[in-house]
Amino acid sequence: MTVNGKGLGRAGLVALAALGLDQLSKAVVRSELSPGEQIDFILGIDWVRVGNDGIAFGLFDNAGAGVLVAAAASFTLLLGYFLLSSDRAGLWLPIGLLAGGALGNLIDRIAHGAVTDFIDLPRWPAFNVADIEITVGVILMTLLYLRDPDPGAAATDGEDDSTSETDTPVGGETRGADG
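Starting from 1, residues in each chain are numbered consecutively following that chain's sequence as written. Selection of residues for local features in this predicted model requires a pLDDT of at least 70, selection of side-chain atom pairs for listing and counting requires 80 or more, and totals for whole chains, interfaces and linings are taken over all residues. Only hydrogens and water are set aside when side-chain values are computed; all heavy atoms of the structure are taken into account.

K.L.:
Help me out: how do you make sense of unusual backbone geometry in this one?
P.N.:
Apart from glycine, the bulk of residues carry a negative phi angle, and the bulk of peptide bonds sit in the trans form. Although it is not a glycine, Leu 43 sits at a positive phi angle of roughly 45°. Relative to the helices and strands, Leu 43 resides in the loop between strand 1 (38-42) and strand 2 (45-52). Whether a residue is buried, partly exposed or exposed follows from its accessible area with a 1.4 Å probe, protein chains only, as a fraction of its type maximum: under 20%, in between, or over 50%, in that order. For Leu 43, a relative accessible area of 82% puts it in the exposed group. One non-glycine residue, Arg 123, adopts positive backbone phi at about 55°. Helix numbering and strand numbering both begin at the N terminus, where a helix is a DSSP run of H or I of at least 4 residues and a strand a DSSP run of E of at least 2. The residue Arg 123 is located in the loop between strand 3 (115-120) and helix 4 (129-147) in this model.

K.L.:
Explain a nonpolar patch on the surface to me, please; I cannot follow it from the model alone.
P.N.:
Patches were defined on residues exceeding 30% relative accessible area and lacking a salt bridge, with like-charge contacts within 9 Å and nonpolar side-chain contacts (Val, Leu, Ile, Met, Phe, Trp, Tyr) within 5 Å. Surface accessibility in these figures is a Shrake-Rupley result with a 1.4 Å probe; residues are shielded only by whichever protein chains are displayed. One speaks of a salt bridge when a side-chain nitrogen belonging to Lys or Arg is within 4 Å of a carboxyl oxygen belonging to Asp or Glu. On the surface, a cluster of nonpolar side chains totalling about 580 Å² of accessible area is made up of Leu 93, Ile 132, Val 136, Ile 139, Leu 140, Leu 143 and Leu 146. Looking at the nonpolar patch element by element, the count peaks at six residues for helix 4. Tracing the sequence through the fold places Leu 93 in helix 3 (residues 92-112).

K.L.:
I'm lost on the packing of helix 1 (residues 5-32) against helix 3 in this one. Help?
P.N.:
For any two helices packed against each other, one specifies the inter-axial angle together with the distance between the axes. Between the N-to-C directions of two axes lies an angle of 0 to 180 degrees, each axis being a line fitted to C-alpha atoms and, for a helix, fitted only over the stretch in contact. Between helix 1 and helix 3, the shortest axis-to-axis distance is 7 Å and the interhelical angle comes to 40°. By the criterion of interaxial angle, the relationship of helix 1 to helix 3 is oblique. The hand of the helix 1/helix 3 crossing is right-handed. Tallied by class, residues from the contact of helix 1 with helix 3 come to twelve nonpolar, seven polar and five charged. Working rule for angles: under 35 degrees goes down as roughly parallel, over 145 as roughly antiparallel, 65 to 115 as roughly perpendicular, anything else as oblique. In this scheme the handedness of a crossing depends on how the near helix is turned from the far one: anticlockwise by less than a right angle means left-handed, clockwise means right-handed. In this classification, Asp, Glu, Lys and Arg are treated as charged, Ala, Val, Leu, Ile, Met, Phe, Trp, Tyr, Cys and Pro as nonpolar, and every other residue, Gly included, as polar.

K.L.:
Even after reading the chapter, I still don't get the nonpolar core, so can you show me in this structure?
P.N.:
Soluble, globular proteins show a tendency: their nonpolar side chains are buried together. Counting seven residues, the largest nonpolar core consists of Ala 11, Leu 78, Leu 91, Ile 95, Leu 98, Met 141 and Leu 144. When residues of this core are traced back to their parent elements, those giving at least two are helix 3 and helix 4. Discounting chain neighbours no more than four positions away, the residues touching Leu 144 are Arg 88, Ala 89, Gly 90 and Leu 91. Joining through side-chain atoms within 4.5 Å is the link that ties buried Ala, Val, Leu, Ile, Met, Phe, Trp, Tyr and Cys residues into a set, and such a set is a nonpolar core. In terms of nonpolar packing, the next biggest core, distinct from the first, is built from six residues, Val 29, Leu 33, Ile 119 and Val 129 among them. Residues count as neighbours in contact if any of their non-hydrogen atoms are within 4.5 Å of one another.

See below:
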């Protein structure tokens, strides 16, 4: 298996855009809201500034360095998987979103000791742009694999040469030797 440079480049661009959007949104929240401050935004959606030292949506809060190590290991596995599967059509988009979101949250953990979450929906823990990118990336990757579980098999499908065009009936009728 070879590394697809075009897919790798596309994934890199998506990751950079995702990372930039995530870090910009968090920088705005950190500059405009005090920790714990909440502002009504629209239709029950609030902006709130909270620090999350757990994983997505506040799970495993106060897990400490274990979350950082798990996040770094997961990112390394994700990158390795992409390098081994980079020739898979369309994989660059979900991988780019996953990488950008994961890096955005990893940067927060290292620089601030916790991830800045700020989108607060009713009956749901606060989250951020990186969480959206990661979630959309997982959904797209799942759909990609459901649509085409084994892209290598597609290359061999339909290559059975045991029948030819002349063996197929035309218009549902079987033709004799004189046509």
